[in-house]
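Analysis of the macromolecular model
Below are the chains, spelled out letter by letter.
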Amino acid sequence: MANRNFANSRIYTGHVMPVLIDCNFIVDSTNGNGLGIRSLKGPYVQNVFMHTSATPGVGNSNPQTPNIAITNPNPASGTIIVQLQDNYNRILTSGNAIISPLGTPVAITAASTNLTVGVAYVVTTLGDAAAADWVTLGIPSGITPTVGMTFIAKATGAGVGTTARVAPTATAGSAIFQIEGVGDANQMAGVSIQAKGYGAQIIAQCRNASGASGASTIVAPANNTVISMSFLLSNSSILIAGE
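A brief structural summary. As the structure is a prediction and not an experimental result, all values here were calculated from the model.

Remarks on the overall build of the protein
Of the regular secondary structure elements, the protein holds 2 helices and 13 strands. Expressed along its principal axes, the backbone C-alpha trace of the protein runs to roughly 65 × 50 × 45 Å. Put simply, the protein has 243 residues, and 36% of those count as buried. Accessible surface, the protein: about 12,900 Å² in total, of which carbon and sulfur atoms supply 55%. In the protein, 9 side chains carry a positive charge and 8 a negative one; their mean positions are 4 Å apart.

Shown next as C-alpha cells:
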C-alpha cells in the first residue's frame, strides 16, 4: 500500500454497478494439463484456454454447474479464451499487459563478465552470491535480493560465487505486440450458465507484425510469457443517458 494521502479516494464512473475482473497466467502450450497455460490467478475467472500440443484438458467447473466438465476446445495458436464464473449485463472494456519470458540464466561472477551494463536482468537463482555482490551488480543497497527481482546492471559481474544466476529477457521477447478482442463479447455475457457451464466468455487474439510488409499476423506468444488481462463489466441492466 502506498504511504501517502491521495487527493481523492474515489473513482467516479457513469456506469451502474461496475465490476473490475482481472487475471494473469503463463503461456505453456506443451504443459501436460492440456490447457495451453499454467498458474492462472484471478478471482471469479473460471478458465483461460489456449492452444495446446498435449491432449486438451479439463478446466475448472462452474460452482453453479459442478457436474458439467469444461474441456479446452484447443483454439488455434495465438487465440485466448477467457471464461468468467458469472454472467454480466455488459462487457464495457478490457486491457492487457505482456511480460516477456526470460533468456538463458548466466553466472554473475566478476571473472565471467556475463552481464552488459545498462541491460535489465532478473534474478533467477540467489545461490552463494554475497549481499555486496548484488549491490555491485545494481540492486539498491538495503534491498534483499529475491528470485524474480529485476535490476539494471551497473557492472559486468561481481564476486566469486559459483551458483548465483540472473537472466536477461528472451531475445525475441514474447513474440507478440498486442492482444485484440474478437467480435462482440456481449453476445455471450447473458447466456445461461446452466446451459453452457460457464459465465461470460471473452475471446482474444495475439498479434505481431510478421506478415508480408509488416502486416499484422495472429501468432502464438512464446512459452513462459506472462499475460495479464482485465475486464470492466456492468452488473446492472440500468442504462445512463448517453449509453
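Now that the structure has been shown, we can carry on.
A look at the environment of Q85
Among the structural elements, Q85 can be located in the loop between β4 (79–84) and β5 (90–99). We classify Q85 as partly exposed; its relative accessible area is 24%. Taking C-alpha positions, Q85 is 20 Å from G183, a pair spaced 98 residues apart along the chain. Apart from residues no more than four positions distant in its own chain, Q85 is found in contact with Y44, V45, Q46, N62, P63, I193 and G199.

Examining unusual backbone geometry
Phi at T113 is positive, roughly 45 degrees, even though this residue is not glycine. Summarising the element assignment, T113 is placed in the loop between β6 (106–107) and β7 (120–125). Residue T113 is classed as partly exposed on the basis of its relative accessible area, which comes to 46%. Positive phi, close to 75 degrees, is recorded for A175, a residue that is not glycine. Along the chain, A175 falls in the loop between β9 (165–167) and β10 (178–181).

Quick notes on the sheet that holds β7
Pairing in this open sheet of 4 strands is antiparallel, and the strands run β6-β9-β7-β8 from one edge to the other. Taken across any chain shown, the strands that pair with only one partner, and hence form the sheet edges, are β6 and β8 (150–152).

Some remarks on the side chain of Q201
Relative to the helices and strands, Q201 is located in strand β11 (residues 201–208). Owing to a relative accessible area of 12%, Q201 belongs among the buried residues under this scheme. Within the structure, Q201 has its side chain in polar contact with the side chain of Y198 (distance 3.4 Å). Not counting the four nearest positions on each side in its chain, Q201 is found in contact with I81, V82, Q83, A185 and M188.

The rules we used
- Residues numbered from 1 in each chain as written.
- Predicted model: local features only at pLDDT ≥ 70, side-chain atom pairs only at ≥ 80, totals over all residues.
- Heavy atoms only, no water.
- Helix = DSSP H or I, 4+ residues; strand = E, 2+ residues; numbered from the N terminus.
- Buried < 20%, exposed > 50% of the residue type's maximum accessible area, 1.4 Å probe, protein only.
- Areas by Shrake-Rupley, 256 points an atom, 1.4 Å probe, with all protein chains shown as cover.
- Lys, Arg positive; Asp, Glu negative; His and termini not counted.
- Charge placed at Lys NZ, Arg CZ, Asp CG, Glu CD.
- Contact = heavy atoms within 4.5 Å.
- Pairing = 2+ DSSP bridges.
- Polar contact = N/O pair within 3.5 Å; in protein donor to acceptor, adjacent residues only side chain to side chain.

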